[in-house]
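# What the coordinates show
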Amino acid sequence: MPPRVDREKCDGCKAEEEPLCAQICPGDLMVLGENKKAYCRAARDCWDCMSCTKVCPVGAIETRAPYQLGYHVAKLIPMMGTNTITWTCIDINGKVERFRYKNRTT
Ligand code: SF4
Ligand code: SF4
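Residues numbered from 1 in each chain as written. Chains lettered and ligands numbered in written order. Predicted model: local features only at pLDDT ≥ 70, side-chain atom pairs only at ≥ 80, totals over all residues. Heavy atoms only, no water.

## Structural notes on the site of ligand 2
Close to ligand 2 lie Pro3, Cys25, Pro26, Met30, Cys46, Trp47, Asp48, Cys49, Met50, Ser51 and Cys52, which account for all nearby residues. Comparing atom positions with the cavity grids shows ligand 2 to sit within the largest cavity. Class assignment for the residues of the shell around ligand 2 results in 9 nonpolar, 1 polar and 1 charged. (Near = heavy atom within 4 Å. 1 Å grid on protein atoms, 1.4 Å probe; cavity = no way out; pocket = protein on both sides within 12 Å on 5 of 7 lines; lining within 4 Å. Sits in = over half its atoms within 2 Å of the grid points. Nonpolar A, V, L, I, M, F, W, Y, C, P; charged D, E, K, R; others polar.)

## Observations concerning the site of ligand 1
All residues adjacent to ligand 1 are Cys10, Asp11, Gly12, Cys13, Pro19, Cys21, Leu32, Ala38, Cys56, Pro57, Val58 and Ile61. Split by residue class, the shell around ligand 1 holds 10 nonpolar, 1 polar and 1 charged.

## Considerations on the sheet that holds strand β7 (residues 96–102)
Each strand in a sheet pairs with another by means of backbone hydrogen bonds, the pair being arranged parallel or else antiparallel. Ordered in space as β1-β4-β5-β6-β7, the 5 strands form an open sheet in which the pairing is antiparallel. The open sheet has two free edges, formed respectively by β1 (3–5) and β7, since each of these has just one partner strand. Averaged over all pairs of adjacent strands, the angle between strand axes in this sheet comes to 30°, irrespective of strand direction. (Pairing = 2+ DSSP bridges. Helix = DSSP H or I, 4+ residues; strand = E, 2+ residues; numbered from the N terminus. Axes fitted to C-alpha atoms, helices over the stretch in contact; angles between N-to-C directions.)

## Overview of the nonpolar core
Residues Val5, Cys21, Met30, Ala38 and Ile61 are the most contacted members of the largest nonpolar core, which totals 13 residues. Not counting residues within four places of it along the chain, the set of residues in contact with methionine 30 comprises Pro3, Val5, Cys21, Ala22, Cys25, Ala38, Tyr39, Cys40, Cys52 and Ile61. (Core = buried A, V, L, I, M, F, W, Y, C linked by side-chain atoms within 4.5 Å. Buried < 20%, exposed > 50% of the residue type's maximum accessible area, 1.4 Å probe, protein only. Contact = heavy atoms within 4.5 Å.)

## Things to note about the side chain of threonine 88
Take threonine 88: it is sitting in strand β6 (residues 84–90). Only 3.1 Å separates the side chain of threonine 88 from the side chain of arginine 98, close enough to count as a polar contact. If sequence neighbours within four positions are ignored, threonine 88 has contacts with Lys75, Leu76, Ile77, Val96, Glu97 and Arg98. (Polar contact = N/O pair within 3.5 Å; in protein donor to acceptor, adjacent residues only side chain to side chain.)

## Brief notes about the layout of surface pockets
What the largest pocket holds in volume is close to 170 Å³. Around the largest pocket sit Lys9, Thr53, Lys54, Val55, Cys56, Pro57, Gly59, Ile61, Ile77, Pro78, Met79 and Met80, which together line it. Ranked by residue count, the leading element in the lining of the largest pocket is strand β5 (residues 75–80), at 4 residues. Split by residue class, the lining of the largest pocket holds 8 nonpolar, 2 polar and 2 charged. (Points joined across faces, edges and corners; volume = space filled by probe spheres on them.)

Here it is, written out as structure tokens:
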């Protein structure tokens, strides 16, 4: 499923010429619209790597779990810490679970 951008939260990386989600997408899929809000320009080319979701500084991008796995309302939301990533998983019944992992060692 392609990333979904919350237009209320997205600030276009404060009008940077190339916002963070566009810089990091390996498929060059994230772009800014005329309204300076990001969107995925070719949803079927997205392979759910979630790089854009993780890099967004304002948490404006979320990934919907594929229909076959969780129907459209299920979500996975990452929160980047300094050395950790916390995933919030919301299932089709609204049940929330959080998983925290170290993603860097010093
Ligand atoms: S990284 Fe987030 S805030 Fe920046 S343009 Fe993309 S969606 Fe908007
Ligand atoms: S999930 Fe990955 S491939 Fe899809 S738009 Fe985001 S960065 Fe690009």
